[in-house]
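# Tertiary structure, described
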Amino acid sequence: MTIPPWLDDLLWTYGNVINALGINGLLALAMYVVLAVGQLSLGQAAFMGLGAYSGALMTLKLQLPFYVVLPASCVVPVAFALAIGIPTLRLSGVYLAIATIGLGEVLRAVYVNVDLVGGAMGLNGIPEKADTWMIYACLILAIAALWLVGRSRIGRAMEAMRADATAAAVMGVDVPRYQLAALVTSAVLAGVAGCLSAHQSSFIGPNEYGFEPAVTILSFALLGGIGTPIAPVIGAWILTLLPELLRGFSDLRLVFNGIIIVVAVLFLPRGLIGWRMGRIARHARMGRGAA
Amino acid sequence: MMLLETKGLTRRYQGLVAVDGVELAIPQGGVHAVIGPNGAGKTTLFNLISGLVAPSEGTLRFAGTDVTRLPTYRRAALGLGRTFQNIRVFAEMSVLENVLTGLHTTLHAGLPSILTRLGGFRAEERRAVAAAREALALVGLADRASQPAASLSYGDQRRLEIARAMAGQPKLLLLDEPAAGMNPAETAALAELVRRIAAGSTTVLLVEHDMGFVMSLSDHITVLNFGRRIFEGPPARVRSEPAVIEAYLGARLAAKLHASHA
Amino acid sequence: MLAQQLVNGVLLGATYALFALGFTLMFGVLRVINLTYGFYFTAGAFLALGLSRLAPLPILVILPLAAIGSGLAAIVIDAVLLTRLRRQKAPELASLMVTLGGVLALYSGMTAWLGPDIQRLPPALISADAYEILGVRVTAAQLLILAATIVLVAALLALLRATRLGLALRAMAEQPDAAGLMGIDTGRLAMLVSFLSGTLAGAGGVLIGLNFNAIQPFMGESMMLRGFVVIIVGGLGDVRGALIAGLALGVIEVLTAGYLSSNLKEAVAFLILVAVLWTRPQGLFGLSTVRRA
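Quick caveat: nothing in here was measured; it's all calculated off a predicted structure.

### So, the overall build of chain B
Within chain B one finds ten helices and ten strands. Against the 2.2 N^0.38 benchmark of 18 Å for 262 residues, chain B shows a C-alpha radius of gyration of 19 Å, consistent with a compact globule. Principal-axis analysis of the C-alpha atoms gives chain B an extent of 65 × 40 × 35 Å. Expressed as a percentage of the 262 residues in chain B, the buried residues total 52%. Within chain B, contacts between residues at least 6 apart in sequence are counted, and of these 65% link residues at least 24 apart.

As structure tokens, then:
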């Protein structure tokens, strides 16, 4: 495969930013799937860290090939999602948020203490096996899958339970099961994003997956909106590019992310891209009077 | 065999007994009504039947299955549909999408077939849309299919809720104060709709305050007072039952009823 | 050795209980998980730092001033973030998200302004003396913690149990519409509860700042993790549960630090949280309302 020279230049100059756009897009989708069923998880940064650490260890210590490592890197995040999701999703929505919000900070303390994962120094020299096309292939696959699911009985059930969980249950929707499935999907997406980022920056440390990235991921989805799977990705892109353009204000980046969340919830509940996707498969919508 | 049968159904809230040992036996077919003064426990009874509230005591059988411990969604799959006193349509979804949600239990496409659009997915979606349009036609909303549910008038939202509950062709349809907030013309149209539903394979159980509506429509009436059943029988006998008149109707309403009956 | 650790644990737990009490009060009455709550803890500590640099005031003046200042900050922040959502009767997760964004902005703004480094209260603020009581060493700061916690908790319980206002708060916790029925303006109630809770958190911040002699903008955030553990283990909105769970958590943390590793404190607290969610999600003490004050 030959790459045209202009693209090669672009990738070389802005490679890190382009990769970050793809990875943050995946993280925004990890937030989207949970918000789309009317829940709030703040564990995505923690799931990302678990994917990054478990993926890096599989590469460094077990020397497994990357096509095994990448899918396997969601195993640990999913296990954590199940351990927290099963008990909390039987309860009201605040429990999942409360139980996940501390997860990142707790894991940070654990990483620092465990020599196997490099302690406070983190893990170095992770081979750079994730390239740009791989990141974007994952992103496009995730968007397409979420779009197809959105236009199906599952997508309708998801929107129904977000609007009114009781009414959805009366329609026959097993609300806790769908919510758990959404959380597991979120853990998969975040875990893969973590594994990809670990294998393109060559270094991971214990401080990258705590409270601040967790809230930043939420700001991606709230800025973009959750009417379609594209919207949160665009939110992530805006919030990833903005600090690149406004380097002088890097101290205030997190202040800005926090204010974005406040403003979005209070004044822009649909996000910047408020358009809501239909919930009926295209062919069925077109085929009027098929009965 | 009874379609719905409760035995000693009881629900307590911190010292207050909302539903007190209610025995209900609803046979298949027809329109059944539960009436009673405010606070008699009617809505709690509906919530017990649909599984939104767990009973403190007693059992509940529906369509030959003991559903006392079954979660709401499983009861829906057995053929139990309902509407709500305060309208609960999915406001942002279109009218058609609302009704399609009501078909959830009849659709079975798995994730692989949804992701590939293969394995019968297309045919199933087409069937679902057709069934949803049929349900909309039943309530007279066929031409509103693509509008957002929130844009419908109050009365139309009530009809949409009925279409959504009817889409899956439930064995039993619970209507919680369907005529609330409707004008006389809308109420008359609603009565006609309920008759049409009951003429099909769906049994109707309703809670309603509008006595004219209940009396003209129901085959069978249960009266609750303070969570207890105080009467059960045909509408003709409710009017003459002293316990009901005393406990529920009161002198003024009773007179009004006689006047409307004369 | 064990006796010493138990005493340290109980005294640490007393501040956790104090902190969690305000948090559970806020949730019980206003039905909002208000994540800015941790910031009032930070605010209390920094107000004490600022005041002590401004004038050589005794701690018994600084502590109430800093606590009240945090309470006032809580009123303002609650009004800015939550008035609109309360009026719209927005879902609880919307309120949670707004306070989450708010608290990130507050912490980060404070870090940008004052720097991320650990700051220390002037040594003159409290005597460094320690007393031997039955072979257990207790510092002056610890005695202050104990006294302040007892006073504040007793005052809060008296307020909830013995006043008309307390009755209204408990009625509100029981039945959100009750306040309206009793003729209480929900806006004023929100101000009052924010003030009470913010004051408790602020006092906690001063006391912890004294005890560990370390003040830093994000200190409220790690405290929030303990707040979550305490209110879930104690039962959301359960005042008595929060007190017991707070004390227990303090003891467990000190024992973990003593016998395992001080870095595993958070992990142990979190394991307890998850274990309780699996086994007794309504909290260890059953009913979950402020009614059980």
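### What to know about the packing of aromatic side chains
One pass over the full model with this rule turns up eleven aromatic pairs over all chains. Ring centres of A:Tyr53 and A:Tyr209 lie 6.4 Å apart, and the angle between their planes is 70 degrees; this geometry places the pair in the edge-to-face category. Of this pair, A:Tyr53 sits in helix α2 (residues 44-60) while A:Tyr209 sits in the loop between α10 (175-201) and α11 (211-224), and the two are 156 residues apart along the sequence. Here A:Tyr53 and A:Tyr209 have matching classes, each one buried. Grouping aromatic residues by their ring pairs yields a cluster made of C:Phe19, C:Phe23, C:Tyr37, C:Phe39, C:Tyr40, C:Phe41, C:Tyr107, C:Phe218 and C:Phe228.

### With respect to the sheet that holds strand β1 (residues 4-13) of chain B
Residues and elements named next belong to chain B. Read across the sheet, four strands follow the order β2-β1-β4-β5 without closing on themselves; strand pairing throughout is antiparallel. Each edge of the open sheet is held by one strand with a lone partner, namely β2 (16-26) and β5 (65-66). Strands β1, β2 and β4 (57-62) of the sheet are contacted by helix α1 (residues 42-50), whose axis makes an angle of about 65 degrees with β2.

### Section: the side chain of A:Ser41
All names here are of chain A. With respect to the element layout, Ser41 can be found in the loop between α1 (5-35) and α2. A residue is classified by how much of its surface remains accessible, and Ser41, at 0% relative accessible area, is buried. Here Gly43 takes part through its backbone nitrogen, which lies 3.1 Å from a polar atom of the side chain of Ser41. Within the structure, the side chain of Ser41 is placed 3.2 Å from the side chain of Gln44, a separation counted as a polar contact.

### Thoughts on the interface of chain A and chain C
In this assembly, 45 residues from chain A lie in contact with 39 residues from chain C. At the boundary of chain A and chain C, one finds zero salt bridges. Linking chain A with chain C are three residue pairs in polar contact (both at pLDDT 80 or more), by the criterion used here. Sorting the residues of the side of chain A that touches chain C by element identifies α4 (75-88), α5 (93-101), α6 (103-113), α11 and α13 (253-267) of chain A as the ones contributing at least two each. Examining the composition of the side of chain A that touches chain C, we find that ten residues originate from one element, α13(A), more than from any other.

### Regarding unusual backbone geometry
Positive phi outside glycine occurs at A:Gln63, with the angle close to 50 degrees. Phi at B:Ala63 is positive, roughly 50 degrees, even though this residue is not glycine. What makes B:Ala63 partly exposed here is its relative accessible area of 25%.

### Some remarks on the confidence of the model for chain A
Overall, the prediction assigns chain A a mean pLDDT of 89, with 96% of residues at 70 or greater. In the model of chain A, helix α14 (residues 282-286) of chain A stands out as the element of lowest mean pLDDT, 75, in contrast to α10(A), which has the highest, 96.

### Topic: the packing of α4(A) against α10(A)
Axes are the key here: two packed helices are described by the angle between their axes and the distance separating the axes. Residues and elements named next belong to chain A. It is the contact of α4 with α10, at a shortest axis distance of 8 Å, that shows an interaxial angle of 150 degrees. With respect to their mutual orientation, α4 and α10 come out roughly antiparallel. Like other packed secondary-structure pairs, α4 and α10 cross with a definite hand, here right-handed. Residues Pro77, Val78, Ala81, Leu82, Gly85 and Ile86 of α4 form the contact with α10, whose participating residues are Leu180, Leu183, Val184, Ala187, Val188 and Gly191. Looking at the contact of α4 with α10 residue by residue, the classes come out as ten nonpolar, two polar and no charged.

### Focus: a nonpolar patch on the surface
All names here are of chain C. On the surface, a cluster of nonpolar side chains totalling about 600 Å² of accessible area is made up of Tyr131, Ile133, Leu134, Leu143, Leu146 and Ile150. Mapped onto the nonpolar patch, the elements with two or more residues apiece are β1 (130-133) and α5 (140-162). If one sorts the elements of the nonpolar patch by residue count, α5 sits on top with three residues. Its place among the elements puts Leu146 in helix α5. Residue classification places Leu146 among the partly exposed residues on the basis of a relative accessible area of 34%.

Criteria and cut-off values
- Residues numbered from 1 in each chain as written.
- Chains lettered and ligands numbered in written order.
- Predicted model: local features only at pLDDT ≥ 70, side-chain atom pairs only at ≥ 80, totals over all residues.
- Heavy atoms only, no water.
- Helix = DSSP H or I, 4+ residues; strand = E, 2+ residues; numbered from the N terminus.
- Rg over C-alpha atoms; globule rule 2.2 N^0.38 Å.
- Buried < 20%, exposed > 50% of the residue type's maximum accessible area, 1.4 Å probe, protein only.
- Contact = heavy atoms within 4.5 Å.
- Phe/Tyr/Trp six-rings, centres within 6.5 Å; stacked < 30°, edge-to-face > 60°.
- Pairing = 2+ DSSP bridges.
- Axes fitted to C-alpha atoms, helices over the stretch in contact; angles between N-to-C directions.
- Polar contact = N/O pair within 3.5 Å; in protein donor to acceptor, adjacent residues only side chain to side chain.
- Salt bridge = Lys/Arg side-chain N within 4 Å of Asp/Glu carboxyl O.
- pLDDT = per-residue confidence, 0-100.
- Parallel < 35°, antiparallel > 145°, perpendicular 65-115°, else oblique.
- Left-handed = near helix turned anticlockwise from the far one by under 90°.
- Nonpolar A, V, L, I, M, F, W, Y, C, P; charged D, E, K, R; others polar.
- Patch = residues over 30% accessible without salt bridge, like charges linked within 9 Å, V, L, I, M, F, W, Y side chains within 5 Å.
- Areas by Shrake-Rupley, 256 points an atom, 1.4 Å probe, with all protein chains shown as cover.

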